[in-house]
Amino acid sequence: MKRRIEPGLVDALFARLVANEELTTAEKRTAGRGALEELAALRPGRSVEVRVPFVGAVQAIGGPRHTRGTPPNVVEIDLDTWLDLACGRTGWDDAVSEGKVGASGIRADLSEALPLFQGRQP
């Protein structure tokens, strides 16, 4: 997958999130899109579609490939929850049990892929 956002920028934004710094809306969207790209790069595949409304969507995770119509495995997450999951401020099971994640399909569990940025240095 060709990345559209510079990984160093994404790492820097997530370092700020981990340090509990406030990001602007534009910075949050950039971080959210960068995290989607990171997920697709680290867990390549096309069996799960991960959607963050108003930010983007990627297909990731190995397994049966989806090509047409609504994917059988979909994860939909709001931006703030996606950022919290990506940097380890909240766990997958907690976010799901609190109703912050919409996940359908047998492969729509991202717990093994998250967090993406916890403990990384920019």
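Structure: above.
Because the structure is a prediction, the values reported are computed rather than measured. (Residues numbered from 1 in each chain as written. Predicted model: local features only at pLDDT ≥ 70, side-chain atom pairs only at ≥ 80, totals over all residues. Heavy atoms only, no water.)

### Comments concerning the packing of helix α1 (residues 7–18) against helix α2 (residues 25–42)
Orientation of α1 relative to α2, taken along the N-to-C sense of each, is 115°, at an axis distance of 9 Å. When the axes of α1 and α2 are compared, the crossing they make is left-handed. Along its contact with α1, which presents L9, V10, L13, F14 and R16, the element α2 presents E27, T30, A31, G34 and A35. Taken together, the residues of the contact of α1 with α2 sort by class into six nonpolar, two polar and two charged. (Axes fitted to C-alpha atoms, helices over the stretch in contact; angles between N-to-C directions. Helix = DSSP H or I, 4+ residues; strand = E, 2+ residues; numbered from the N terminus. Left-handed = near helix turned anticlockwise from the far one by under 90°. Contact = heavy atoms within 4.5 Å. Nonpolar A, V, L, I, M, F, W, Y, C, P; charged D, E, K, R; others polar.)

### Quick notes on α1
A rise of 1.5 Å per residue sets the reference length of α1, with its 12 residues, at 16 Å; its end C-alpha atoms lie 16 Å apart and thus fit the reference within 8%. Along α1, the residues classified as buried are V10, D11, L13, F14 and L17. Taken end-on, α1 shows its buried residues confined to a sector of 165°, consistent with a single buried face. In this structure, the buried residues of α1 make contact with α2 and α3 (79–87). Two residues or fewer after α1 comes N20, characterised by a positive phi angle close to 65°. (Expected span 1.5 Å × (residues − 1). Buried < 20%, exposed > 50% of the residue type's maximum accessible area, 1.4 Å probe, protein only. Arc of directions from axis to C-beta.)

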